[in-house]
Amino acid sequence: VTVADLNVLHGLFCPSGTAGCRRVDRANLVRDFVVARGCPDVLGFEEVFDISPSNENAETLRALITNACPTPYVSVYHDANPFDDELLFSAYPILADETLDLLGPLRNVLHVRIDHPIGPLDVYATHLASGSDNATAPCEGTFGPCPAECVAAGAATVRDCQAVQMAELIEATHDVPTPAIALGDFNETPGSYVYQQFAGRGWIDTYLAAGNPECVPATGIGCTSGRIDDALTDMESPALNQTERIDFVWLVPAQAASLCAATVEPAGDPDGDGV
């Protein structure tokens, strides 16, 4: 399974004369990347929005990417939050899709099940809270009572709670024998409470598993965030300008205990249940 993921930066806070920090130009670069990398099976994007026909990036990305490769992509975008949502592309048919809400009014998880050659493949995409929507505020009281599952897991902040909820949603819905992929902008670095909600379950940080070096802030190598994102200063610079790794593609290995066990009943309905 080949996967690519990117927070595409909606650019809503960029100066008015920059066209969303050259939003369309950046979307064209995304398309070029997809083609140059051989058209990955799954593409995940965050900060996708659809406010009006003249101020959006959801349809721009669909128009550029759907037919960019020999096999057209199918896509899922629910517009559950028109300011900052997820968009998934798949080179294979979609079997099912749903949006799962997280703590607060803004954040969610987009879950799709793909009819992949390896079997049904679950993909979960998210963008956890940032400072602009109370990410580090206390879980208790910020958006009402802290949810029971977050209290039980010891989540201190809103973003901590969202990570707990996402991990438990994956455990509750990933019921097929094939692996799952959890990807997105998690807004936390390795070793954090949020990171441990995934790594602590034995899920694999694919970037490290592939033998890549951990983020080096001094050089930007291995880092995914840190650029100025409300101006073109850093985006037009050839320097990496990245200082932390907060975006991940997690591999959730198949677990025998998560499979639905099937049994074949002899003829004659011996248990009398009418089936």
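Our subject is the structure that appears above.
Read on for an overview of the structure.

About the criteria used
Residues numbered from 1 in each chain as written. Predicted model: local features only at pLDDT ≥ 70, side-chain atom pairs only at ≥ 80, totals over all residues. Heavy atoms only, no water. Patch = residues over 30% accessible without salt bridge, like charges linked within 9 Å, V, L, I, M, F, W, Y side chains within 5 Å. Areas by Shrake-Rupley, 256 points an atom, 1.4 Å probe, with all protein chains shown as cover. Salt bridge = Lys/Arg side-chain N within 4 Å of Asp/Glu carboxyl O. Helix = DSSP H or I, 4+ residues; strand = E, 2+ residues; numbered from the N terminus. Pairing = 2+ DSSP bridges. Contact = heavy atoms within 4.5 Å. Axes fitted to C-alpha atoms, helices over the stretch in contact; angles between N-to-C directions. Buried < 20%, exposed > 50% of the residue type's maximum accessible area, 1.4 Å probe, protein only. Polar contact = N/O pair within 3.5 Å; in protein donor to acceptor, adjacent residues only side chain to side chain. Phe/Tyr/Trp six-rings, centres within 6.5 Å; stacked < 30°, edge-to-face > 60°. Left-handed = near helix turned anticlockwise from the far one by under 90°. Nonpolar A, V, L, I, M, F, W, Y, C, P; charged D, E, K, R; others polar. Disulfide = S-S within 2.5 Å.

1. Quick word on a nonpolar patch on the surface
A cluster of nonpolar side chains, Val216, Ile221 and Leu240, forms an exposed patch at the surface whose accessible area comes to about 230 Å². Examined against the element boundaries, Ile221 turns out to sit in the loop between α7 (206-209) and β12 (247-252).

2. So, the sheet that holds β12
Pairing is mixed across the open sheet formed by six strands, whose spatial order is β7-β8-β9-β10-β12-β11. Whereas interior strands pair on both sides, the edge strands pair on one side only; in this sheet they are β7 (94-101) and β11 (204-205). Across the sheet, helix α5 (residues 158-173) touches β7, β8 (108-116), β9 (119-127), β10 (180-185) and β12, and the angle it forms with β9 is around 165°.

3. What to know about the sheet that holds strand β1 (residues 3-7)
Spatially, β1-β2-β6-β5 is the arrangement adopted by the four strands of the open sheet, whose pairing is mixed. Whereas interior strands pair on both sides, the edge strands pair on one side only; in this sheet they are β1 and β5 (74-76). The average angle at which neighbouring strand axes cross in this sheet is 15°, direction not considered. Direction of pairing for β5 relative to strand β6 (residues 85-90): antiparallel, over a ladder of three bridges.

4. Examining unusual backbone geometry
At Arg22, a position not held by glycine, the phi torsion is positive, near 55°. Looking at where Arg22 falls in the secondary structure, it is placed in helix α1 (residues 19-36). The exposure class of Arg22 is partly exposed, given its relative accessible area of 39%. Not every positive phi belongs to a glycine, and Asp79 is a case in point at roughly 55°. Looking at the element boundaries, Asp79 is found in the loop between β5 and β6. For Asp79, a relative accessible area of 32% gives the class partly exposed.

5. Concerning the side chain of Gln242
Position of Gln242 among the secondary structure elements: in the loop between α7 and β12. The exposure class assigned to Gln242 is buried, which follows from its relative accessible area of 9%. Separated by 3.3 Å, the side chain of Gln242 and the backbone nitrogen of Gly226 make a polar contact. A polar contact of 3.2 Å, which involves the side chain of Gln242, links it to the backbone nitrogen of Arg227. Apart from the residues within four sequence positions on either side, Gln242 is in contact with Pro217, Gly220, Cys223, Thr224, Ser225, Gly226 and Arg227.

6. Description of the side chain of Asn57
One can find Asn57 in the loop between β4 (55-56) and α2 (58-65). In this structure the side chain of Asn57 is engaged in a polar contact, spanning 3.3 Å, whose partner is the backbone oxygen of Glu47. A polar contact of 2.8 Å, which involves the side chain of Asn57, links it to the backbone nitrogen of Phe49. Discounting residues that sit within four places of it in the chain, Asn57 has contacts with Val8, His10, Arg23, Glu47, Val48 and Phe49.

7. Side note on the packing of aromatic side chains
Inspection of the entire model under this criterion finds nine aromatic pairs. For the ring pair Phe198 and Trp203, a centre distance of 6.0 Å and an interplane angle of 50° mean the geometry is tilted. Given the relative accessible area of 1%, Phe198 is considered buried. Given the relative accessible area of 9%, Trp203 is considered buried. Judged by centre distance (5.7 Å) and plane angle (20°), the rings of Phe198 and Trp250 are stacked. Here Phe198, found in helix α6 (residues 193-199), pairs with Trp250, found in strand β12; they are 52 residues apart in sequence, far enough to count as distant. Of the two residues examined, Phe198 and Trp250, each falls in the buried class.

8. Here's the deal with the packing of α1 against α2
Following both chains from N to C, one finds α1 and α2 inclined at 35°, their axes separated by 10 Å at the closest point. Crossing angle aside, the handedness with which α1 passes α2 is right-handed. Residues Ala27, Asn28, Val30 and Arg31 of α1 touch α2, and the partners they reach there are Thr60, Leu61, Leu64 and Ile65. Across the contact of α1 with α2, the residue classes break down as five nonpolar, two polar and one charged.

9. Side note on the state of the cysteines
Summed over all chains, the structure comprises five disulfides. Paired by a disulfide, Cys39 and Cys69 hold their sulfur atoms 2.0 Å apart. Across the disulfide from Cys39 to Cys69, rotation about the S-S bond amounts to roughly -95°, and the bridge is consequently left-handed. Of the two residues, Cys39 sits in the loop between α1 and β2 (42-48) while Cys69 sits in the loop between α2 and β5, which places them 30 residues apart along the sequence. For Cys39, a relative accessible area of 19% puts it in the buried group. Taking relative accessible area as the criterion, Cys69 reaches 8% and is therefore assigned buried. Here Cys139 connects covalently by a disulfide to Cys146, the sulfurs 2.0 Å from one another. With the S-S bond torsion at 85°, the cross-link from Cys139 to Cys146 turns out right-handed.

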